[in-house]
Amino acid sequence: MHFLRGLLLSLLPVAALAAKNAPVDKFTKFQTKQLSSTPLKLDDAIYAQLTSAPRDYSSVILLTAMEDRFGCQLCREFQPEWDLLSKSWIKGDKMAESRLIFGTLDFINGKATFQSLGLQTAPVLLLFQPTTGPHANPEAGPSRFDFNNGAQSAEQVHRWIARQLADRPHPPVVRPINWTRGIAITTTILASITFLTVAWPYLLPILQNRNVWAAISLIAILLFTSGHMFNHIRKVPYVVSDGKGGVSYFAGGFSSQYGLETQIVAAMYGLLSFATISLALKVPRIADPKTQQIAVIVWGGIIFVMYSFLLSVFRIKNGGYPFWLPPFS
Amino acid sequence: MTDSIVEPFLKGNTGRNTRGILRLSILCLIAAAAIASRLFSVILDPWFNFRATKYLVANGFYDFWDWFDDRTWHPLGRVTGGTLYPGLMVTSGAIYHALRALTIPVDIRNICVLLAPGFSGLTAFATYLFTNEMSTSPSAGLLAAAFMGIAPGYISRSVAGSYDNEAIAIFLLVFTFYLWIKALKLGSAMWGALCALFYGYMVSAWGGYVFITNLIPLHVFVLVCMGRFSPRLYVSYCTWYSLGTLASMQIPFVGFLPIRSSEHMSALGVFGLLQLIGFVEFVRSGVPSKQFTTLLRGFVLAVFTIAFGGLVLLTVSGVIAPWTGRFYSLWDTGYAKIHIPIIASVSEHQPTAWPAFFFDLNLLIWLFPAGVYLCFLKLADEQVFVVVYAILASYFSGVMVRLMLTLTPIVCVAAALVLSHLLDTYLTMTSPDAPAEGASDATNGAAKKAIKQDGLRSMRSPLVGIYTTFSKGSVVSALTAYLLLFVLHCTWVTSNAYSSPSVVLASRMPDGSQHIIDDYREAYQWLRQNTKTDAKIMSWWDYGYQIGGMADRPTLVDNNTWNNTHIATVGKAMSSSEEVSYPIMRQHEVDYVLVVFGGLLGYSGDDINKFLWMVRIAEGIWPDEVKERDFFTERGEYRVDGGATETMKNSLMYKMSYYNYHTMFPAGQCQDRVRGVKMPDQGPVLNTLDEAFTSENWIIRIYKVKDLDNVGRNHTAAASFERGNKKKKTTKRRGPKVLRVE
């Protein structure tokens, strides 16, 4: 009996200590887990435990849907950035002074949570402020970071988190040096130098050929003047269905266009220019009068018809435009 | 018979004189046409420049230099003298004083209005000179001048009354290029110095001078790569660079940028490169040893690499400023949208869709590549310039609508080159004889071989000429028809699109008559007559210059967007709820708020359509308080009708735009004609502002900011009291008292 009592007595302080440390333990538990692998993989139960009311730590939780069948492009794009952010934060804050837990809740493991939050889209980033302790903010619900402008970089999210967690340390994002890329670049440079030295005698005539440079210049000019940069910047669709099963080649408005449309226009410009060059340079060099006569008629006709077509296309774009030439009115 | 009469005038010295007079009169006519085509309607537009010019004329140059303007950017003010390009104002001031000295009484306003058309005449002349350097054909220059005179791409920025930097800058651009070509051709330090002088003038006139700063070094670099280094090149470039850089540094706004910022580094780098090559060439001419030249080549390469490395190092360490956002966004086209919304929000900075090219240049746009191709025929130093210019300018104009202006001159020149070549070929009276069979083959073969070495594909057979009159007639008449069509096009574009200044809107009534919508001037007039002279007006920055110039009232922000935070403050006030906005407006001592609303008329350039930019710019500074997401519905739509989000409905901009709007319509028919949506019958409620003025077509709405309440209530309570609502407390009263029966 004595022995038993003694045992019990000796256990008491331990039990008391355990009882006293229970809420602290929650953070330490997550923190130790976090140190070995971050961000924490959550499911409904752990999520509930992590976000349950008396908490003296903050947590950032990414709600995502990584599986292929959900087709969440954004989730997959953001995941490596998220991993990088949490890793560099945890690494930079070994003493856990910021008291921040990183967690990822995939839809597969957290259907109930998604439902209870009423989430229709993924990914969503939630930040829970502590309810007790020096930075306590018990009233505020979780702040939410939306991915409106596509996938964000780790630095952008870092800035957001840093804003929320004022006067706590914010370990910066450290991007690992990308060795593969460096090696690839070096190899490519060396390879191209080698290639150039070997092929130089063959390349030189091409580089010094006026026709090549003329072709490059003209193609560049045609591309730029037919609105290629607009396509590039605005990311316009190549073609658009006209709603009747066909394809609509020309966009309606004056300041909108489709990818194919610009190519048609560039081709028209190119043909017109080519015909003009032929009339100006090639035709006077044709020695045979008959051939020359035919060439003049052909090239002149092409210019006329193409220009007329160009004007008619332009009339599609600008309804009030009053001018036209015969074949296409 | 006519031949014999005309003949003496076409031969010998007399002939040259006749042609000279003809050319001169044609040029004068072109200049006259250029000026006349810009006079469709005259309204002075950029009011800030006009205000600055008035200040310059009234207070003299040195006061202008030190001018601190406290009537804009309230309460910060603006160091105007140090933050503008003074070229435009100084030019008109000089003209004013010159005319005064000649005892011609003239108002500075008239000079400002007619400056742009006048300079367009000069531009036509500069284009003539420039093109004559490119071509031996005498007609090319005249054609180019004519094109330049009437091309809509240039008219768009130089109609009478458009008193903007571009008005004189395009003349300076073309003329500087002309002087550069001249200097390069002659290798003359004098022409180089002249070029530098006009370059300095250009720097003082327009921020687009960076185009020259980069184009000339690029030209030189390409020439060096082609193995065309020559003492001519060395002398002309070094003269231009050293003098031009010194000249550009005299402008306070530019200051030390030419040696510190990246967009000027290419000029410096090419300058260094030329010194090295010049040194090597000099040594080589003295030491003919082959090994020594190889050594020198290695030396050049090493120095170049080290210099480049040093440049990168200096940039990284921050001694040399990295690319400024505006220029950086030209290369990385996605940059502006993310980092500098204020640049991306300006409609002039949008990329160019193809109809805009065709609209501004019409047939020149397809003659342009042909003209560039023609430059490859001879490919002397000056033709290389045309090619480099053409490619660079077409890239830039594709990225930004406003840079169409730099493309227009070279398009006119290239098109004139090919057109004059066509006309010269098809307008000769003499026709070649039909070739004798077989005889020509031998000579042809020899000629072919000679040309084949280094020529264009289309130039390989010898020139014969055009045989039949029919060919000549058909081609020439078709070209004439196209040119006439071009003139019609230019006239139509100018009269329709580019002659309606932004302050006056023209619309057509159903019966075809023109209806002038003059709300802007009506509103500015109201402000001028009904408010205190120091009443601060808050509006979006687009209208800052107009308010400052036409209403003569201090503004918070204006079109000189030098302080992004201040603009974001206005954006925040506009996009937050009244409770947040009111303290902001009080802190900035705002008396009136001006919004532009097009819902009644269907005027799409109104503030609700620009609203998202205000939100974005404000979000850039206060990401926690203003969120773009909140202005979109759950389904991601930007709505203003009953389905608009709460944030949208509570924003000051929304309330000011739609305040009392529903009273214009019978119940249930309230409609916004820009967004094409039906508005709810209950309009928004304004507590902290009073409607002060609404223009005839509701385009301009002005609100007065209420003073603090006399008895210390907040505005919501006061307004609620005014409306006759009872106090909140009373509504919370318990139900009627009942007798307790027990």
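Everything numeric in this text was worked out from a predicted model, so none of it was measured.

Calculation criteria
- Residues numbered from 1 in each chain as written.
- Chains lettered and ligands numbered in written order.
- Predicted model: local features only at pLDDT ≥ 70, side-chain atom pairs only at ≥ 80, totals over all residues.
- UniProt positions renumbered as here; feature names shortened; annotations may be inferred.
- Helix = DSSP H or I, 4+ residues; strand = E, 2+ residues; numbered from the N terminus.
- Pairing = 2+ DSSP bridges.
- Axes fitted to C-alpha atoms, helices over the stretch in contact; angles between N-to-C directions.
- Domains from an automatic or database assignment.
- Contact = placed C-beta atoms within 7 Å.
- Nonpolar A, V, L, I, M, F, W, Y, C, P; charged D, E, K, R; others polar.
- Buried ≥ 20, exposed ≤ 12 C-beta atoms within 10 Å, placed from the backbone.
- Parallel < 35°, antiparallel > 145°, perpendicular 65-115°, else oblique.
- Left-handed = near helix turned anticlockwise from the far one by under 90°.
- Core = buried A, V, L, I, M, F, W, Y, C linked by C-beta atoms within 7 Å.
- Expected span 1.5 Å × (residues − 1).

### Topic: the UniProt feature "domain: STT3/PglB/AglB core" (unreviewed entry) in chain B
Link 1 in the chain: Per the UniProt record, "domain: STT3/PglB/AglB core" (unreviewed entry) is found at residues 537-586 of chain B.
Link 2 in the chain: Helix makes up 58% of residues 537-586 of chain B and strand 4%, and the two end C-alpha atoms of the span are 12 Å apart.

### Quick word on the sheet that holds strand β7 (residues 689-694) of chain B
All names here are of chain B.
Link 1 in the chain: Read from one edge to the other, the open sheet built from 4 strands follows the order β3-β4-β8-β7, with strand pairing classed as mixed. Where the open sheet ends on each side, the last strands, each with one partner, are β3 (536-538) and β7. Shown here is a sheet whose adjacent strand axes are inclined to one another by a mean of 30 degrees, direction ignored.
Link 2 in the chain: Two strands pair when backbone bridges link them, and β3 and strand β4 (residues 590-596) are joined in this way by 3 bridges, in the parallel orientation. Along β4, the bridge assignment pairs M538 with V593.

### Description of the domain arrangement of chain B
Residue and element names in this part refer to chain B.
Link 1 in the chain: Split into domains, chain B comes out as domain 1 (21-261 + 323-338) and domain 2 (516-730).
Link 2 in the chain: Here domain 1 and domain 2 have C-alpha centroids that lie 39 Å from each other.
Link 3 in the chain: Facing 13 residues of domain 1, the contacting portion of domain 2 comprises 19 residues.
Link 4 in the chain: Taken together, the residues of the side of domain 1 that touches domain 2 break down into 7 nonpolar, 3 polar and 3 charged.

### Describing the environment of B:L142
All names here are of chain B.
Link 1 in the chain: With respect to the helices and strands, the residue L142 is situated in helix α7 (residues 138-150).
Link 2 in the chain: Accessibility expressed as a C-beta count within 10 Å gives 23 for L142, which makes it buried.
Link 3 in the chain: Sequence separation of L142 and F125 is 17 residues, and the distance between their C-alpha atoms is 8.8 Å.
Link 4 in the chain: Other than its neighbours up to four places away in sequence, L142 contacts R23, I26 and Y128.

### Comments concerning the interface of chain A and chain B
Link 1 in the chain: Contact with chain A, which involves 52 residues of that partner, is made by 57 residues of chain B.
Link 2 in the chain: When contributions to the side of chain A that touches chain B are tallied by element, the ones reaching two or more residues are α7 (210-225), α8 (228-234), α9 (259-282) and α10 (289-317) of chain A.
Link 3 in the chain: When residues in the side of chain A that touches chain B are grouped by element, the largest group, 11 residues, is from α9(A).
Link 4 in the chain: Along the lines of polarity and charge, the residues of the side of chain A that touches chain B split into 27 nonpolar, 18 polar and 7 charged.

### As for the sheet that holds strand β2 (residues 58-64) of chain A
Residue and element names in this part refer to chain A.
Link 1 in the chain: The strand order across the open sheet built from 5 strands is β1-β3-β2-β4-β5, with neighbouring strands paired in mixed fashion. The sheet terminates laterally at β1 (40-42) and β5 (143-145), the two strands that pair on one side only. This sheet shows a mean twist of 25 degrees between the axes of neighbouring strands, independent of strand direction.

### Description of the packing of helix α11 (residues 209-225) of chain B against helix α21 (residues 381-399) of chain B
All names here are of chain B.
Link 1 in the chain: Running from amino to carboxyl end, α11 crosses α21 at an angle of 125 degrees, the nearest separation of the two axes being 10 Å. Judged by the angle between their axes, α11 and α21 are oblique. Crossing angle aside, the handedness with which α11 passes α21 is right-handed. Packed against α11, whose contacting residues are L215, L218, H219, V222 and L223, the element α21 presents D381, V384, F385, V388, Y389 and L392 at the interface.
Link 2 in the chain: A breakdown of the residues in the contact of α11 with α21 according to their chemical character gives 9 nonpolar, 1 polar and 1 charged.

### Considerations on the UniProt feature "transmembrane region" (unreviewed entry) in chain A
All names here are of chain A.
Link 1 in the chain: According to UniProt, the feature "transmembrane region" (unreviewed entry) maps to residues 179-200, 212-230, 264-283 and 295-316 in the numbering used here.
Link 2 in the chain: What you have in residues 179-200 is 100% helix and 0% strand, and the ends, taken at the C-alpha atoms, are 31 Å apart.
Link 3 in the chain: Span residues 212-230 is 89% helix and 0% strand, its end C-alpha atoms 26 Å apart.

### Here we look at the pairing of strand β4 (residues 124-128) of chain A
Residue and element names in this part refer to chain A.
Link 1 in the chain: Bridge count for β2 against β4 is 5 bridges, and the pairing is antiparallel. Along β4, the bridge assignment pairs L63 with V124.
Link 2 in the chain: As judged from the 3 bridges shared by β4 and β5, these two strands associate in the antiparallel manner. Along β5, the bridge assignment pairs L127 with S143.

### A few points about the nonpolar core
Link 1 in the chain: One finds B:F147, B:M202, B:L364, B:V386, B:A414 and B:A415 to be the most contacted residues of the largest nonpolar core, which totals 230 residues.
Link 2 in the chain: The residues contacting B:F147, other than those within four sequence positions of it, are B:L364, B:C412, B:A415 and B:A416.
Link 3 in the chain: Among the nonpolar cores identified, the runner-up in size contains 30 residues, and A:L40, A:F78, A:W82 and A:V173 belong to it.

### A look at helix α9 (residues 165-186) of chain B
All names here are of chain B.
Link 1 in the chain: With 22 residues, α9 extends 31 Å from end C-alpha to end C-alpha; this agrees with the ideal 32 Å at 1.5 Å per step.
Link 2 in the chain: Buried residues dominate α9, accounting for 20 of its 22 residues.
Link 3 in the chain: Just past α9, the residue G187 takes up positive phi, approximately 60 degrees.

### Side note on α7(B)
All names here are of chain B.
Link 1 in the chain: The buried fraction of α7 amounts to 11 of the 13 residues, a majority that puts the element mostly inside the structure.
Link 2 in the chain: Among all positions in α7, only A140, G141, L142, L143, A144, A145, A146, F147, M148, G149 and I150 are buried.
Link 3 in the chain: Structurally, α7 contributes buried residues whose contacts are with α2 (12-36), α6 (108-134), α8 (152-155), α20 (364-378), α22 (404-426) and α24 (469-496).

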